[in-house]
Amino acid sequence: MIKNPFKQALATYRQIVAATIVFSAAINILMFVSPLYMLQVYDRVLQSRSEVTLLMLTIIAVAMLALYGILEWLRSRVLVRAGLRFDRMISDGVFTRVVDTSIKNPQSKSKFALMDIDRLREFLTGSGLISLCDLPWLPVFLAVCFFFHPLIGWIATGGAIVIVIITIANEFMTKTQLSEATNVGQAAMHFSNSTLVNVEVIRALGMESSLRKRWVGLHRSMLEKQATASDRAGALQSFSKFVRMGLQTLILGAGAYLALQGQISPGSIIAASIMMGRALQPVDQVVAQWKQFIAARQAYDRLETMFVEVPEEEDKIDLPTPEGKLSVENLILFAPGTQTPLVRGVSFEAQPGEAVAVVGPSGAGKSSLVRALVGIWAPASGSVRLDGAELQHWETDKLGQHVGYLPQSVELFEGTISENIARFRDDATSEEIINAAKQANVHDLIQSMEKGYDTQIGPGGQQLSGGQRQRVGLARALFGNPALLVLDEPNANLDSEGEEALNKVILSLKARGKTILFVSHKISLIAVSDKALILRDGAMSGFGATQDLLQPKPAAQAPKVEEAKSADENKTAS
Ligand code: ADP
């Protein structure tokens, strides 16, 4: 059976909710203390004028109220701990799914699921759930009101019905606006987060006002929807307050009238008033927290959908450390959510100790092919195997340890150079990190920096130059001695010294029996490869020994590598 951590967490949470219901029961029973005390004081003590009885009653009432306080405190402690446990049980699963969903659908707003955890936990551990647990006591309190006198019972019931109607009206009048406001708010945040990454471009190209206009548009739309919802909710809340206060007066008046008629005792006037107040309290709270409740329910729905749509990764058998034999068979690839294949029918093999150069014009599908070779995009058809095992058969994190990947845009993360090289693994030793840096020929460069390996590189590594980023990225790819190295234009930002160093790195990797696949247009780099694969419009137009493909051909057959290269250079130049 496939595990669903969300369901498991909810099952555990249900036990805690059961405990909360028991606590709430005891707390609600103790709510009878005040009205009972009032009844006794007015109807017994004032009649008998017994100070001893008053003292005894007061001691008992205070003790019971102390117990009430302790139980309330315990209930909130239990809930807070349950919330932490709930969070622990699902947060790993949510994070994994957010990564997975973002790869499969980069436009998805799945990263907001991380906030949904907080929203749901806050509701489940706060006054939201508590008032829901108190709500079932409403009929009991109402029944006691009827016990005092049917008129008092009807006033309280009428009040409760009015408040419930207000609650339902609140739901209908605010639900759509609130959910639209949340969606637009998320879109605004997504937009600002993604655009602010490129602040320098925004300033240099004078894009500030146009981008601000877009953001302000989204932001205002969210505010308008929120304001409409708040207006409606606010009006209903005020009306509900008026109803409650009016009811208090009404019930005291009715009680006094009934006492004048001799139908109830004077003590009952106060006791009934307190009782009705208690009965309506949770109803009032639910009305006040309706917004939080709707937000929590939406968060719940989104999380539940996410856990259903992205099932738990099945336990995969531990595959032995690969030697690096890469075989690609009839590979067909689509970008997530698109219909046109970006790579069609690519087949080739690379053995440990071999370097394969992938060449072809821009847009030929080189980076897309690379994404499949490191397991980012799953094949739509065909296969990519490492030592005979399809990449999908590997556990993703385990596969990552055997693969070194340097994306075209490098993509370093905020942190220190050593953290980045170590792929943020907290069990990485300095030796492993320095070893990777030395292999990537970047150790001296790092050492020459003021803080060396502890240099903070800022978001996306923006405090490094393009070439430095690429070289640190190469060290990160080499960290952990992976068997397969996939480098997407590793020389794009390098100067001639860097290029020379890169050539040496590739030669030494080959000598150490690693399998290397790199995308490049540079003849000097392509020359160190053993095989070359030429891609054109997503299809393989040639694969073979680099020497053969690089050999100048008779005029009738133009050399493929050169042709691909010049086509690309033309594009780049334009
Ligand atoms: P290359 O690396 O050879 O320049 P790419 O593999 O980056 O080419 O791109 C090949 C084609 O796939 C291009 O036409 C590009 O527009 C398209 N493409 C790349 N990534 C995506 C994506 N995530 N979604 C849709 N199309 C994409």
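These numbers come from a predicted model, not from an experiment.

**Examining the environment of Ser 448**
So, step 1. Mapped onto the secondary structure, Ser 448 falls in the loop between α16 (443-447) and α17 (466-478).
So, step 2. Accessibility expressed as a relative area gives 59% for Ser 448, which makes it exposed.
So, step 3. In sequence terms Ser 448 and Pro 282 are 166 residues apart; their C-alpha atoms lie 66 Å from each other.
So, step 4. Among the polar contacts listed, one links the side chain of Ser 448 to the backbone oxygen of Leu 445, at a separation of 2.6 Å.

**Some points on helix α7 (residues 150-196)**
So, step 1. For α7, built from 47 residues, the straight-helix expectation of 69 Å at 1.5 Å per residue is met to within 8% by its first-to-last C-alpha distance of 65 Å.
So, step 2. Helix geometry: α7 is bent most strongly at Thr 174, by close to 45°.

**Some details on unusual backbone geometry**
So, step 1. The phi torsion at Glu 489 lies on the positive side, around 50°, for a residue other than glycine.
So, step 2. As for its position among the elements, Glu 489 is in the loop between β7 (484-488) and α18 (496-511).
So, step 3. Since its relative accessible area comes to 14%, Glu 489 is described here as buried.
So, step 4. Even without glycine at this site, Asp 537 takes up a positive phi of about 50°.

**Some words on the site of the ligand**
So, step 1. Neighbouring the ligand are 13 residues; Gly 363, Gly 365, Lys 366, Ser 367 and Ser 368 lie closest to it.
So, step 2. Note that an oxygen atom of the ligand is positioned 2.7 Å from one of the backbone N or O atoms of Gly 363.
So, step 3. One nitrogen or oxygen atom from the main chain of Ser 367 is found 2.8 Å from an oxygen atom belonging to the ligand.
So, step 4. In isolation the ligand exposes 550 Å². Once the protein is present, 60% of that is buried.
So, step 5. Among the elements that line the shell around the ligand, the one with the most residues is helix α12 (residues 366-373), at four residues.

**Overview of helix α2 (residues 33-48)**
So, step 1. When the local axis directions of α2 are compared, the greatest deviation, roughly 35°, occurs at Val 41.
So, step 2. Among all positions of α2, only Val 33, Ser 34, Pro 35, Leu 39, Val 41 and Val 45 are buried.
So, step 3. In this structure, the buried side of α2 is in contact with α1 (5-30), α3 (51-104), α6 (138-148) and α10 (266-288).
So, step 4. Note on α2: the residue one or two positions beyond its end, Arg 49, has a positive phi of about 55°.

**Some points on the side chain of Gln 470**
So, step 1. Topologically, Gln 470 is positioned in helix α17.
So, step 2. Within the local environment of Gln 470, its side chain forms a polar contact with the backbone nitrogen of Asn 493, the two atoms lying 2.7 Å apart.
So, step 3. In contact with Gln 470, not counting residues within four places along its chain, are Leu 406, Val 410, Glu 489, Pro 490, Asn 491, Ala 492, Asn 493 and Leu 494.

**Structural notes on empty space enclosed by the protein**
So, step 1. Taken as a whole and judged by the stated rule, the model has five cavities of 30 Å³ or more.
So, step 2. The volume enclosed by the largest cavity comes to roughly 40 Å³.
So, step 3. Lining the largest cavity, in full, are Phe 123, Gly 128, Ser 131, Leu 132, Val 286, Gln 289, Trp 290 and Phe 293.
So, step 4. Contributing elements (two or more residues each) for the lining of the largest cavity: α5 (127-134) and α11 (290-309).

Cut-off values and rules
Residues numbered from 1 in each chain as written. Predicted model: local features only at pLDDT ≥ 70, side-chain atom pairs only at ≥ 80, totals over all residues. Heavy atoms only, no water. Helix = DSSP H or I, 4+ residues; strand = E, 2+ residues; numbered from the N terminus. Buried < 20%, exposed > 50% of the residue type's maximum accessible area, 1.4 Å probe, protein only. Polar contact = N/O pair within 3.5 Å; in protein donor to acceptor, adjacent residues only side chain to side chain. Expected span 1.5 Å × (residues − 1). Bend = angle between axes of the 7 residues up to and from the residue. Near = heavy atom within 4 Å. Areas by Shrake-Rupley, 256 points an atom, 1.4 Å probe, with all protein chains shown as cover. Contact = heavy atoms within 4.5 Å. 1 Å grid on protein atoms, 1.4 Å probe; cavity = no way out; pocket = protein on both sides within 12 Å on 5 of 7 lines; lining within 4 Å. Points joined across faces, edges and corners; volume = space filled by probe spheres on them.

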